[in-house]
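Coordinate inspection notes
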Amino acid sequence: MTLGVAVDGGTLAVHELGRGPAGAPVVMALHGITANALAFGAVAHALDGQVQLLAPDLRGRADSRSIRGPWGLAAHAADVVAVLDAARVESAVLLGHSMGAYVAALTAYLYPSRVSSLVLIDGGVGFPAPEGDIDAALDQVIGPAMRRLTMTFADEAAYLDFWREHPAIGPALDASYGDLLTAYLRHDLVGPEGERRSSCVLDAVRADGADVLADPVVLRSLRDGTVPATLLYAARGVQDEPQGLLDAGRIAAAGLPPTVRVIPAGGVNHYTVLFEPQAVRLIAYAVGTSV
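Residues numbered from 1 in each chain as written. Predicted model: local features only at pLDDT ≥ 70, side-chain atom pairs only at ≥ 80, totals over all residues. Heavy atoms only, no water.

In the structure shown here, the tally under the stated rule is two cavities of 30 Å³ or more. Empty space within the largest cavity amounts to approximately 50 Å³. As for the largest cavity, its lining consists of Ala 105, Ala 108, Tyr 109, Leu 118, Ser 221, Leu 222, Gly 225, Thr 226, Val 227, Pro 257, Thr 259 and Val 260. When residues of the lining of the largest cavity are traced back to their parent elements, those giving at least two are α3 (99–110) and α8 (216–224). In terms of residues, the lining of the largest cavity owes the most to one element, α3, which gives three residues. Split by residue class, the lining of the largest cavity holds eight nonpolar, four polar and no charged. Reported here for the second largest cavity is a volume of approximately 40 Å³. Val 125, Gly 126, Leu 219, Leu 222, Arg 223, Ala 254 and Leu 256 are the residues that line the second largest cavity. For the lining of the second largest cavity, the residue count by class is five nonpolar, one polar and one charged. (1 Å grid on protein atoms, 1.4 Å probe; cavity = no way out; pocket = protein on both sides within 12 Å on 5 of 7 lines; lining within 4 Å. Points joined across faces, edges and corners; volume = space filled by probe spheres on them. Helix = DSSP H or I, 4+ residues; strand = E, 2+ residues; numbered from the N terminus. Nonpolar A, V, L, I, M, F, W, Y, C, P; charged D, E, K, R; others polar.)

Written out as structure tokens, the structure reads:
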């Protein structure tokens, strides 16, 4: 089921990916910078019947692509509160992956009474802002993802063929969870045959990425926040390289408070951490011990 929630600038699409018994805890899942709600398909299966899992397509993505601003992580945080208000939920567990982890941490920092706990996956940890041009730094981090947003594809098969060449995602399309991964990729695809493209609004991605890299409030949200959190990190990176975005040393250097529990997610990469069964079980465990 998909709900439409009125937010600043339009209507946010919120997918109910799982429904628990009456009175079940509410978990809101927040996806990455060029992703969409169906990134949490495998996690939803693991939590089925235990929680009510709400997953918005964040503004400027997938079914929320008609929203035309404002952009930035503060707008996403306000959207989270709007969804909670619409669902008549006083507080919820926020489950965030990549950029969504930063949105979750910022929401907990700005609206602590609305967030009972955080589960952050491969993101949310603030580091010193890069020196020099932010656009150049953003291109270095997510340049390939941003360039994809300007491409067109003949049809769905061509789009999936593009992903098959991606070192972190391609091999996973043939894994046991390949159907869930494919559904997530398809949910991003819009436009007529011959001109299929990503749903992501490039200006939204650029603004959100700049906030993740350099906004001072975003960068200190997890470190200075008061809401208890669990942080899981993948060993491998966005191109399946051996160095992940986070590791034990980087996390230790971030000066996080003792209220942040840290769990290594094993040898998965930045994307498959949401799909590989062992990592998904760890995420479900983290959520289950956070509600």
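Now that the structure has been shown, we can carry on.
In the structure shown here, the tally under the stated rule is 12 salt bridges. Among the ionic pairs, Arg 206 bridges to Asp 203, the shortest N-O distance being 3.3 Å. In this pair, Arg 206 and Asp 203 both sit in helix α7 (residues 202–214), three residues apart, roughly one turn of the helix. Assessed through its relative accessible area of 46%, Asp 203 is described here as partly exposed. (Salt bridge = Lys/Arg side-chain N within 4 Å of Asp/Glu carboxyl O. Buried < 20%, exposed > 50% of the residue type's maximum accessible area, 1.4 Å probe, protein only.)

By size, the foremost hydrophobic cluster in this structure holds 53 residues, and its most contacted members are Met 28, Leu 73, Leu 118, Leu 222, Leu 231 and Leu 256. In terms of residues, this core owes the most to one element, α3, which gives eight residues. Listed in part, the 43 residues of the second largest apolar core include Leu 53, Tyr 159, Tyr 177 and Val 273. (Core = buried A, V, L, I, M, F, W, Y, C linked by side-chain atoms within 4.5 Å.)

Closest axis-to-axis distance for the α7/α8 pair is 5 Å, and the angle between their directions is 55°. Considering their axes alone, α7 and α8 lie oblique with respect to each other. α8 is crossed by α7, and the crossing has right-handed handedness. Where α7 abuts α8, its residues Asp 211, Val 212, Leu 213 and Ala 214 lie against Pro 216, Val 218 and Leu 219. Taken together, the residues of the contact of α7 with α8 sort by class into six nonpolar, no polar and one charged. (Axes fitted to C-alpha atoms, helices over the stretch in contact; angles between N-to-C directions. Parallel < 35°, antiparallel > 145°, perpendicular 65-115°, else oblique. Left-handed = near helix turned anticlockwise from the far one by under 90°. Contact = heavy atoms within 4.5 Å.)

Moving on, we come to the UniProt feature "domain: AB hydrolase-1" (unreviewed entry) in the protein. According to UniProt, the positions carrying the feature "domain: AB hydrolase-1" (unreviewed entry) are residues 25–139. Between the end C-alpha atoms of residues 25–139 there is a gap of 38 Å, over a span that is 34% helix and 20% strand. (UniProt positions renumbered as here; feature names shortened; annotations may be inferred.)

Taken across its five residues, strand β3 (residues 26–30) has five buried, putting it largely inside the fold. Of the two faces of β3, the one carrying Val 26, Met 28 and Leu 30 and the one carrying Val 27 and Ala 29 are both buried. For β3 and strand β4 (residues 52–56), the ladder comprises three bridges, and the chain directions are parallel. If you follow Val 27 over to β4, its bridge partner there is Leu 53. (Pairing = 2+ DSSP bridges.)

A few words now on the environment of Ala 37. Tracing the backbone shows Ala 37 in the loop between β3 and α1 (41–47). Remark: the alpha-carbon pair of Ala 37 and Ala 62, spanning 25 residues in sequence, is separated by 8.4 Å. For Ala 37, the contacting residues outside a window of four places in its chain are His 15, Leu 17, His 31, Ala 55, Pro 56 and Asp 57.

The next subject is the sheet that holds strand β5 (residues 92–97). Strands pair in a sheet through their backbones, by hydrogen bonds, and they do so in one of two ways: parallel or antiparallel. Read from one edge of the open sheet, eight strands run β1-β2-β4-β3-β5-β6-β9-β10, paired in mixed fashion. Edge strands, defined here as strands with exactly one partner in the open sheet, are β1 (2–7) and β10 (260–264). Averaged over all pairs of adjacent strands, the angle between strand axes in this sheet comes to 25°, irrespective of strand direction. Along the sheet, helix α2 (residues 73–86) contacts β1, β2 (10–18), β3, β4 and β5; its crossing angle with β1, the most-contacted strand, is approximately 120°. Packed on one face of the sheet, helix α10 (residues 277–288) meets β3, β5, β6 (115–121), β9 (229–233) and β10 and runs near 165° to β10.

Right, let's talk about the packing of aromatic side chains for a bit. Counted according to the given criterion, the structure contains six aromatic pairs. Note on Phe 162 and Trp 163: the rings are 5.5 Å apart at their centroids and 75° apart in plane angle, and the pair reads as edge-to-face. Trp 163 gets classed as buried once you look at its relative accessible area, which sits at 7%. Plain terms: the ring middles of Tyr 177 and Phe 275 are 5.9 Å apart, the flat faces sit at 25° to each other, and that makes the pair stacked. Of the two residues, Tyr 177 sits in the loop between α5 (156–164) and α6 (178–186) while Phe 275 sits in the loop between β10 and α10, which places them 98 residues apart along the sequence. Residues Tyr 177 and Phe 275 agree in their burial class; the two are buried. (Phe/Tyr/Trp six-rings, centres within 6.5 Å; stacked < 30°, edge-to-face > 60°.)

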